[in-house]
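Residue strings, one per chain:
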Amino acid sequence: IVDHRATLSHQLAGGPSSALFALLAQSFFSIDEFSGVVVREFSFATYREFLGNPSNHDIVLRTVTMAACVTVACAVIAFPIAYYSVRFAGPRLKALIYLGVMLPLWSSYLVRVYSWKLILAREGIVNWFANALGLGGVLEAVLELPVVGGPSLSTSHLGTFIVFVYIWLPFM
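Summary of the structure given here. This is a predicted model, so every value here is computed, not measured.

## Let's talk about the overall build of the protein
In terms of helices and strands, the protein carries eight helices and two strands. Each helix and strand of the protein, placed in order from N terminus to C terminus, yields the pattern α-β-β-α-α-α-α-α-α-α. Scaling as 2.2 N^0.38, a compact globule of 172 residues should have a C-alpha radius of gyration of about 16 Å, whereas the protein reaches 23 Å, well beyond that. If you line up the protein on its principal axes, its C-alpha atoms span 60 × 55 × 25 Å. Considering only contacts in the protein between residues 6 or more positions apart, those separated by 24 or more positions represent 44%. Counting every atom, the protein has about 12,900 Å² of accessible surface; 72% of that belongs to carbon and sulfur. Within the protein, one finds 10 positive and 9 negative side-chain charges whose respective centroids are separated by 19 Å.

Here it is in structure tokens:
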């Protein structure tokens, strides 16, 4: 008698890891500059090209910094909510918290990102609400900061941070 549960779990566990292994293996292939065809020989050429370009260093630094900040922010937000939900919340509040966490996952990733981009745009609801409360100048001052600012909240590092926290918070 074959235990089908063990077979299915092995297949499910092997699927993602085998795909990641294939991606890692392909990263050691190079591209022929003349034809653009992938040369399937083990080589560090792709990594030399990537690490040899100084503009990539800035991109990697910004990416890792944003990922670390979003991870810390999600942990700071999610763990107290989870602790409260487990230790103190009654059944109805637990269901409400669960619904609040799971409901955004019913829509597509791209729909959520574009929705936030519209909400945070210069003509979006956040800017309108800030102006209605007389805080438009504060928002403009924040957007003028060199590290977090930008032309609008939707294209600034702060806006990107807000969107990423919203997107990744349910997975914490």
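## Observations regarding the pattern of salt bridges
By the definition in use, this model includes two salt bridges. Where arginine 62 meets aspartate 58, a salt bridge forms, and the shortest distance between an N and an O atom there is 3.3 Å. Of this pair, arginine 62 and aspartate 58 both sit in helix α3 (residues 54-87), separated by four residues, roughly a single helical turn. When its relative accessible area of 43% is taken as the criterion, arginine 62 is described as partly exposed. As a salt-bridge pair, arginine 122 and glutamate 140 come within 3.1 Å of each other at their nearest N and O atoms. In this pair, arginine 122 sits in the loop between α5 (109-120) and α6 (125-132) while glutamate 140 sits in helix α7 (residues 136-143), placing the two residues 18 residues apart along the sequence. Judged by its relative accessible area of 38%, arginine 122 falls in the partly exposed class. Taking relative accessible area as the criterion, glutamate 140 reaches 30% and is therefore assigned partly exposed.

Cut-off values and rules
Residues numbered from 1 in each chain as written. Predicted model: local features only at pLDDT ≥ 70, side-chain atom pairs only at ≥ 80, totals over all residues. Heavy atoms only, no water. Helix = DSSP H or I, 4+ residues; strand = E, 2+ residues; numbered from the N terminus. Rg over C-alpha atoms; globule rule 2.2 N^0.38 Å. Contact = heavy atoms within 4.5 Å. Areas by Shrake-Rupley, 256 points an atom, 1.4 Å probe, with all protein chains shown as cover. Lys, Arg positive; Asp, Glu negative; His and termini not counted. Charge placed at Lys NZ, Arg CZ, Asp CG, Glu CD. Salt bridge = Lys/Arg side-chain N within 4 Å of Asp/Glu carboxyl O. Buried < 20%, exposed > 50% of the residue type's maximum accessible area, 1.4 Å probe, protein only.

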